[in-house]
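# Coordinate analysis (summary)
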Amino acid sequence: MTAEVHIDQVRKAYGSRLAVADASQSLAPGAVTCLLGPSGCGKSTLLRLIAGLERLDSGRITMGGRTLSGAGVHVPVERRRIGLVFQDFALFPHLTLLQNVAFGLGGLARAERRARALELLERVHLADRANAYPHVLSGGEQQRVALARALAPRPEAVLLDEPFSGLDGALRETVRRAALELIRETGAACLLVTHDVDEALMAADALAVMHQGRILQTGAPQDVYQRPTSAEAARLLGPINLIPARIADGVAFTAVGEFPASGAPAGAGRLGVRPEDVALTTGNALRVRSVRFAGGRWTVELTGPDGLELRASVTGTPPREGETAGIRLDPGRLSVFGSEKN
Amino acid sequence: MSLPLRARSDRRGPSPLAWAALLAALVAIAPLAAAVMTALQPGAHSLTAPTFLRYAGASAALAAMVAVGATVLGAAAGVLVGLHRFPGRGLMAWLLAAPLAAPTFVLAYGYADLFDVAGPIQSSLRGALGVSPDLNVRSLWGAGLILSLAFYPYVYLTVRAALAHQSASTLEAARTLGATRAQTLRRIILPLLRPALAAGAALAVMETLADYGAVSFLGVQTLTTGVVRAWSVFGSTAEAARLALPLVGAAAVLLWIERRSRQGRVSDAARAKATPLALEPLGGWRGLAALVFCVGLIGLGLALPLGWLAHQGLSVEPDTAALVRAGRNVLILAVLGGALTLGLATALALGGRRTPFLTRLAGLGYATPGAVMAVGLLAPAGFLWRGVEGAAQGLGAGVLLLVLAYASRLTAAALEPIGAGLERVTPAMAHAARSLGESETGAALRVELPMARGALLTAALLVFIDILKELPATVMLRPFGFDTLAVIADRYAKDERLAQAAWPSLLIVLIAAPVVIWLNRQVSRTARGVTQ
């Protein structure tokens, strides 16, 4: 019931297009791993490979030490004990909620099946509508039934493919919190695929960032956000300033000053800093090009020497357009990347 | 320059489009109403209850046989092609609809001759076994089998369309919940296909009840053959109309089943995120078996009877002059009938959007057998012709009646693609035209119809094929000596000159087959979301 899922060097191509390129990732039991990436980055393909809906080209997927895919093995979907929640929920329209949830409980006796399905519907607060059909439910309710259905057979892992993207606003967050709480309680390993950065940062116990078929970085959400290992990973999690730098003896020399860069390889590089980690000071190194109100904060665009463009997100009284300004960067919030070519 | 805006009167009556739609619906329903009224008129009853029950019983039995036969064959073919990959699948996918190109009487001629006592099958069986088994297809059973083979494409096509609207994730969800492929088929796919199967079966039964050519040739006495017989042998429109009455009732019920089965498809299709179903590869002997099944179905439904008929036809010299004349006649009818039908259907599609009742009326016309339409037109026509000196002798009057009968019957068939084509034109486009100063009619003519021209072509071709194959209404209403290909085929066949009947029959199939195949490919392309 609590098994770790290992994805090891998994590769999948459709014709000449590489959808998943040697991706490796572990899914810990009882934890939510978020796979974040733009649409078409291969995250859904990876999910389908784990579920067994697609066959991989190379690599291996194991669960609790048992090989599911790879090395000549392909355990059929229906024997994997992996629950799946789809973006469109995929409820069976011709079955009641109870029948939907009981669908995967074929091995149990009739009474047990009913009891287990009702128990799950109870958990998602829909037991009183057990005999209703899916089309009368709201989107949030359908989502809850889909989750109850996936959890009913006590899967060892649960995969969620953008399960909240069909819901809007406040509802979305409530439904998500309740859903993930329920999954964590079951102790199953959970993979949540999403393209929504806020969702990934808020929901994840572990975050994996995917781009063009590759998993760029894995770690705690806060670490990945604040200490991205590449400019691509940094960009996927939100806007970031990239300041050209020359690095020597653990110091980064830039057009706007010198910053510590211990451990970074010498030579050309880039300094990455999030807009909210840029503090404005009095000075004349930069000029304020525009100031826009962004709800509680101000977004300030600055131009500097050598065509440098910077963005700062500040609170308090903003500068005025046309004024000059200086910046101060928190050394603890700086990332050093290689230059654009590599 | 500021002109005062002239406000239109607030009392907005129906637009010209709405009036046109009403008129179209009335034209479509008029013959039907006339038939019912004729039937209900008091008069001498030559029709006895036992005769009536015998006809009705045969119709019901035949309908039941075809409902089962066509559904089983069509569903198997639809699920096979819609969900699996096997050698030759692409070709089979559209060839499976090809039997729709052949009028049923063509199949009946072919099979009747093949299974004749002197035919090749009985002869070789006698040679091999020394006994002569009773394999007479000129029977209720034979008609049931032949019509099942002729009409399975209706079920096949509705099943394909329904599968195209299913999201892959529904089936994948079942698999992740532990269902095997076979269990998924039984517990998910077939229940989800139930509405499509009902709709397809309803269409097949409609056609079965309406069939005249095959059924009369095979000597089965149904209500529809009774209608034609009552009129042609006994010259009684009233009796024909009374026989037609249960057919109208059945048509209404079938139409209701067919329409109801389609509800809910909209909500499925509206889910934009639905991913198309992945095809399950069938390797080795399974793939071969799938191919054999499809080839067998096409062979029995079209190639075998048609091939045998062609073989027979080649042994005689065709009456080329008669064929050319009949071809020209049916072309005239198709152009006139097609133009009227398309006009009515377009009016209904544009003007009837807010009044679904009108389109349902037209639908009833489609469900009604052509023979009944003819009866409905004969009664008022007879009254009219008697008033106008010499009108009955004129060619124009008969052609007009025929064209009206076709339009009444086929308006709903043409409405279907036109309505679907217009649905793809978003309301915003018409609104844009209105905001730029066009009237509702103007917006329809300048924006909506040009955008739906592909659908208009589809509708025109559908009507063309139906007129080409039409037999009972043409037999009853045509001006004296004005034969179509179907009519001369029917006459030759009833004179037991099958080899001669082969020529017009084959001509019909040769003209219709490419059109049917093209239409089917269009349909499967739009099902996949590729427009135009």
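Residues numbered from 1 in each chain as written. Chains lettered and ligands numbered in written order. Predicted model: local features only at pLDDT ≥ 70, side-chain atom pairs only at ≥ 80, totals over all residues. Heavy atoms only, no water.

Looking now at the overall build of chain B. When its secondary structure is counted, chain B shows 23 helices and two strands. Considering only residue pairs separated by 6 or more positions, chain B has 84% of its internal contacts joining residues 24 or more positions apart. (Helix = DSSP H or I, 4+ residues; strand = E, 2+ residues; numbered from the N terminus. Contact = heavy atoms within 4.5 Å.)

Scanning chain A from terminus to terminus reveals eight helices and 20 strands. For chain A, the spread of C-alpha atoms along the principal axes amounts to about 75 × 45 × 35 Å. Counting the 342 residues in chain A, one finds 51% classified as buried. In chain A, once contacts between residues fewer than 6 apart in sequence are set aside, the share between residues at least 24 apart is 63%. Only carbon and sulfur atoms are counted for the fraction: they give 48% of the accessible area of chain A, which is about 15,500 Å². Of the charged side chains in chain A, 39 are positive and 36 negative; the average position of the first set lies 4 Å away from that of the second. (Buried < 20%, exposed > 50% of the residue type's maximum accessible area, 1.4 Å probe, protein only. Areas by Shrake-Rupley, 256 points an atom, 1.4 Å probe, with all protein chains shown as cover. Lys, Arg positive; Asp, Glu negative; His and termini not counted. Charge placed at Lys NZ, Arg CZ, Asp CG, Glu CD.)

All names here are of chain A. According to the domain assignment, chain A contains domain 1 (5-234) and domain 2 (239-338). Look at where the C-alpha atoms of domain 1 and domain 2 centre, and you get two points 39 Å apart. Taken together, the eight residues of domain 1 in the interface contact nine residues of domain 2. Both sides together, the interface formed by domain 1 and domain 2 hides about 730 Å², and carbon and sulfur atoms give 45% of it. Area buried by domain 1 at its contact with domain 2 is led by Tyr225, Gln226 and Ala231, which between them contribute 59% of it. The interface formed by domain 1 and domain 2 contains zero salt bridges. Connecting domain 1 to domain 2 are four residue pairs in polar contact (both at pLDDT 80 or more). Among the secondary structure elements, those contributing two or more residues to the side of domain 1 that touches domain 2 are α7 (221-226) and α8 (231-236). (Domains from an automatic or database assignment. Buried area = accessible area lost by both parts, 1.4 Å probe. Salt bridge = Lys/Arg side-chain N within 4 Å of Asp/Glu carboxyl O. Polar contact = N/O pair within 3.5 Å; in protein donor to acceptor, adjacent residues only side chain to side chain.)

All names here are of chain B. For chain B, the mean per-residue pLDDT works out to 84, and 89% of the residues sit at or above 70. The model gives residues 6-11 a pLDDT under 50, and that stretch makes zero contacts with residues more than four places away or in other chains. For residues 265-273, every residue scores under 50 in pLDDT, and the model assigns this stretch seven contacts once sequence neighbours within four places are set aside. Listed scores for the predicted complex are pTM 0.81 and ipTM 0.77. (pLDDT = per-residue confidence, 0-100.)

Residue and element names in this part refer to chain B. Orientation of helix α1 (residues 16-40) relative to helix α14 (residues 320-351), taken along the N-to-C sense of each, is 130°, at an axis distance of 8 Å. Judged by the inter-axis angle, α1 sits oblique to α14. For α1 against α14, the interelement crossing comes out left-handed. Of α14, the residues touching α1 (which contributes Leu17, Ala18, Ala20, Ala21, Ala24, Ala25 and Val27) are Leu344, Ala347, Leu348, Leu350 and Gly351. Here the contact of α1 with α14 is composed, by residue class, of eleven nonpolar, one polar and no charged. (Axes fitted to C-alpha atoms, helices over the stretch in contact; angles between N-to-C directions. Parallel < 35°, antiparallel > 145°, perpendicular 65-115°, else oblique. Left-handed = near helix turned anticlockwise from the far one by under 90°. Nonpolar A, V, L, I, M, F, W, Y, C, P; charged D, E, K, R; others polar.)

On to the sheet that holds strand β6 (residues 73-74) of chain A, then. Residue and element names in this part refer to chain A. The five strands are arranged β2-β1-β4-β5-β6 in an open sheet whose pairing can be described as antiparallel. Edge positions in the sheet fall to β2 (17-27) and β6, since each of these pairs with one other strand and no more. Judged from the two bridges that link them, strand β5 (residues 66-70) and β6 form a sheet pairing that is antiparallel. In the strand pairing of β6, Ser69 is matched with His74. Here helix α1 (residues 43-51) sits on the sheet and contacts β1 (5-14), β2, β4 (58-63) and β5; the angle it forms with β1, its principal contact strand, is near 120°. (Pairing = 2+ DSSP bridges.)

Attention now goes to helix α3 (residues 110-123) of chain A. Residue and element names in this part refer to chain A. For α3, spanning 14 residues, the distance from its first C-alpha to its last is 20 Å, which sits close to the expected 20 Å at 1.5 Å a residue. Inspection of α3 places Arg116, Ala117, Leu120 and Leu121 among the buried residues, and these make up the whole buried set. What you see down the axis of α3 is that its buried residues fit within an arc of 135°, all on one side. Exposed residues pointing more than 90 degrees away from the buried face of α3 are listed as Ala111 and Glu122. (Expected span 1.5 Å × (residues − 1). Arc of directions from axis to C-beta.)

Turning next to the interface of chain B and chain A. Taken together, the contacts link 19 residues of chain B with 19 residues of chain A. Regarding the contact of chain B and chain A, the summed buried area is about 1,800 Å², with carbon and sulfur atoms giving 64% of it. On the chain B side of the interface with chain A, the three residues burying the most area are B:Glu172, B:Thr176 and B:Leu177, jointly 34% of the side's total. Here chain B and chain A share six residue pairs in polar contact (both at pLDDT 80 or more) between them. Put simply, the parts of the chain that give the side of chain B that touches chain A at least two residues each are α7 (168-176) and α8 (181-210) of chain B. Per element, the largest residue contribution to the side of chain B that touches chain A is seven residues, and it comes from α7(B).

Here the focus is the pairing of strand β8 (residues 157-161) of chain A. Residues and elements named next belong to chain A. Along β8, five of the five residues are buried, which leaves the element largely enclosed by surrounding structure. Of the two faces of β8, the one holding Ala157, Leu159 and Asp161 and the one holding Val158 and Leu160 are both buried throughout. Relative to β8, strand β7 (residues 82-85) runs parallel, the two sharing four bridges. Bridge pairing in β8 links Val85 to Leu160. Taken together, the five bridges between β8 and strand β9 (residues 189-194) define a ladder with parallel strand orientation. In the sheet register, Leu159 faces β9, and the bridge partner there is Leu191. Following the chain from β8 across helix α5 (residues 169-186) to the adjacent parallel β9, one finds a crossover that is right-handed. (Right-handed = clockwise from strand over helix to strand, strands pointing away.)

Under the definition given, this model contains six aromatic pairs over all chains. On the numbers, 4.8 Å between centres and 50° between planes, the contact of A:Phe92 with A:Phe103 is tilted. In this pair, A:Phe92 is assigned in the loop between β7 and α2 (97-102) and A:Phe103 in the loop between α2 and α3, connecting sequence segments eleven residues apart. Each member of the pair, A:Phe92 together with A:Phe103, is buried. Ring-pair connections join several aromatic residues into one group, and the members of that group are B:Phe105, B:Tyr109 and B:Phe217. In this structure, A:Arg274 is placed above the aromatic ring of A:Tyr225, and the distance from its NZ or CZ to the ring centre is 4.2 Å. Its end group placed over the ring of B:Tyr366, B:Arg409 keeps NZ or CZ at 6.0 Å from the ring centre. (Phe/Tyr/Trp six-rings, centres within 6.5 Å; stacked < 30°, edge-to-face > 60°. Lys NZ or Arg CZ within 6 Å of the ring centre and 35° of its normal.)

On to the pattern of salt bridges, then. All names here are of chain A. Inspection of the entire model under this criterion finds 24 salt bridges over all chains. Asp196 is the partner of Arg172 in a salt bridge, and the nearest nitrogen-oxygen pair spans 3.1 Å. You can see Arg172 sitting in helix α5 and its partner Asp196 sitting in the loop between β9 and α6 (197-203), a full 24 residues away along the chain. Arg289 is the salt-bridge partner of Glu309, the closest N and O atoms lying 3.3 Å from each other. Placement of the pair is Glu309 in strand β18 (residues 309-314) and Arg289 in strand β16 (residues 278-293), with a sequence separation of 20 residues. By relative accessible area, which is 42% here, Arg289 ends up partly exposed.

For the rest of this paragraph, the subject is α5(A). Count 3.6 residues to each turn of an α-helix, and residues three or four apart come out pointing the same way. Residue and element names in this part refer to chain A. The end-to-end C-alpha distance of α5 is 27 Å, a good match for the 26 Å that 18 residues give at a rise of 1.5 Å each. Residues of α5 that are buried sit in contact with β3 (32-36), α3, α4 (139-151), β8, β9 and α6. Of the residues flanking the end of α5, it is Gly187, one or two places downstream, whose phi is positive at about 80°.

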